[in-house]
Amino acid sequence: MNYNKAAFLASYGISSQLPDSGRPEISFSGRSNVGKSSLINKLCNRKNLARVSSTPGKTATINFYEVDSCYFVDLPGYGYAKVSNADRQRWDELINSYFDAQRNHTLLVQLIDCRHDISADDAQMLRYLHYHQIPYVVALTKADKLKKSQLEQTRQAFEKVCLTFGCKAVVLTSAESGYGIPQLQAILDAAVAGAPGEGEQTNGL
Ligand SMILES: Nc1nc2c(ncn2[C@@H]2O[C@H](COP(=O)(O)OP(=O)(O)OP(=O)(O)O)[C@@H](O)[C@H]2O)c(=O)[nH]1
Ligand SMILES: [Mg+2]
């Protein structure tokens, strides 16, 4: 995939607005502030393709990016304590409609902060992905915050848990230092190479 061929497409706050798509889609999911937008920027060698903020809960929409012949989909973050019930319901509706739709779901990248244990919200998301048989890998974020000696043991500890939820691989990444980015790109490339092309859409869930 040519990661330098990346452009913002659109933001959607209501599921009925979501575009039909036969393009392979790589989606990014995780808690607010885990680093989804930063990771998308780093994968595409860009500073401001996806908006990064130090205020959690910023991305309340599904944001689509065209990256070469794929879409990258930045899903709204979850687990932010200060959202209202109405916002939470809106999040549920948006995410469920996204996954229910007839889309070319190629791979989901589930982000988890490598410094924290898997939260109850993360576990719920992993169960959801497993139950719906959505192919996914886990990208542990903010690896630059770990000591070198902690890296592999941390990855293995997460892997042990995540594999039981049907995860295909666990990769340590840092949007700060670029650690693990080539490895994640290789995983995405392999997934896209094996995905049906535009017009050969697979069934939804
Ligand atoms: N040290 C470090 N900080 C990071 C890394 N990735 C993201 N951050 C920081 O974490 C904060 C949140 O990053 P975002 O990319 O906006 O996170 P997000 O998951 O898109 O957040 P929402 O859109 O609110 O759901 C920002 O302050 C980033 O600079 C990383 O790899 N290392
Ligand atoms: Mg974001």
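See the structure shown above.
Only a predicted model underlies this, so the values are computations on that prediction, with no experimental measurement involved.

(A) Representation of the sheet that holds strand 5 (residues 105–113) in the model. Reading across the sheet, the seven strands line up as 1-3-4-2-5-6-7 and stay open at both edges, with mixed pairing between neighbours. At either end of the open sheet lies a strand with only one pairing partner, and these are strand 1 (6–12) and strand 7 (170–172). Ignoring which end each strand starts from, the neighbouring axes of this sheet average 25 degrees apart. Bridging between strand 2 (residues 25–30) and strand 5 involves six bridges; their strand directions are parallel.

(B) Structural context of the packing of aromatic side chains. In the structure shown here, the tally under the stated rule is eight aromatic pairs. Relative to F64, the ring of Y12 has its centre 5.4 Å away and its plane inclined at 85 degrees; by these criteria the two rings are edge-to-face. Pair noted here: Y12 is in strand 1 and F64 is in strand 3 (residues 62–67), with a separation of 52 residues, a long-range link. For the pair formed by Y12 and F64, the shared burial category is buried. With a centroid separation of 5.8 Å and 80 degrees between ring planes, the pair formed by Y78 and W91 is classed as edge-to-face. Of this pair, Y78 sits in the loop between strand 4 (70–74) and helix 2 (85–100) while W91 is found in helix 2, placing the two residues 13 residues apart along the sequence.

(C) Just the pairing of strand 4, in detail. Extensive coverage of strand 4 is indicated by the burial of five of its five residues. Side-chain alternation along strand 4 places C70, F72 and D74 on one buried face and Y71 and V73 on a second face that is also buried. In this structure, strand 2 lies alongside strand 4, joined through four bridges in parallel fashion. Bridging across to strand 4, I26 finds its partner in F72. Strand direction decides the pairing type here: strand 3 and strand 4, joined by five bridges, are antiparallel. Bridge assignment links Y65 to a residue of strand 4, and that residue is F72. Hairpin remark: strand 3 followed by strand 4, antiparallel, with two residues in the connecting loop; positive phi at D68, about 50 degrees.

(D) Spatial organisation of the pairing of strand 2. Burial analysis of strand 2 places six of its six residues in the buried class, which makes it a mostly covered element. Side-chain alternation along strand 2 places E25, S27 and S29 on one buried face and I26, F28 and G30 on a second face that is also buried.

(E) Geometry of the nonpolar core. Grouped together as the largest cluster of nonpolar side chains are 34 residues, with contacts concentrated most on F99 and V138. Ranked by residue count, the leading element in this core is helix 2, at five residues. Y65, C70, F72 and I181 belong to the second largest nonpolar core, which has 25 residues in total.

The rules we used
Residues numbered from 1 in each chain as written. Chains lettered and ligands numbered in written order. Predicted model: local features only at pLDDT ≥ 70, side-chain atom pairs only at ≥ 80, totals over all residues. Heavy atoms only, no water. Pairing = 2+ DSSP bridges. Helix = DSSP H or I, 4+ residues; strand = E, 2+ residues; numbered from the N terminus. Axes fitted to C-alpha atoms, helices over the stretch in contact; angles between N-to-C directions. Phe/Tyr/Trp six-rings, centres within 6.5 Å; stacked < 30°, edge-to-face > 60°. Buried < 20%, exposed > 50% of the residue type's maximum accessible area, 1.4 Å probe, protein only. Core = buried A, V, L, I, M, F, W, Y, C linked by side-chain atoms within 4.5 Å.

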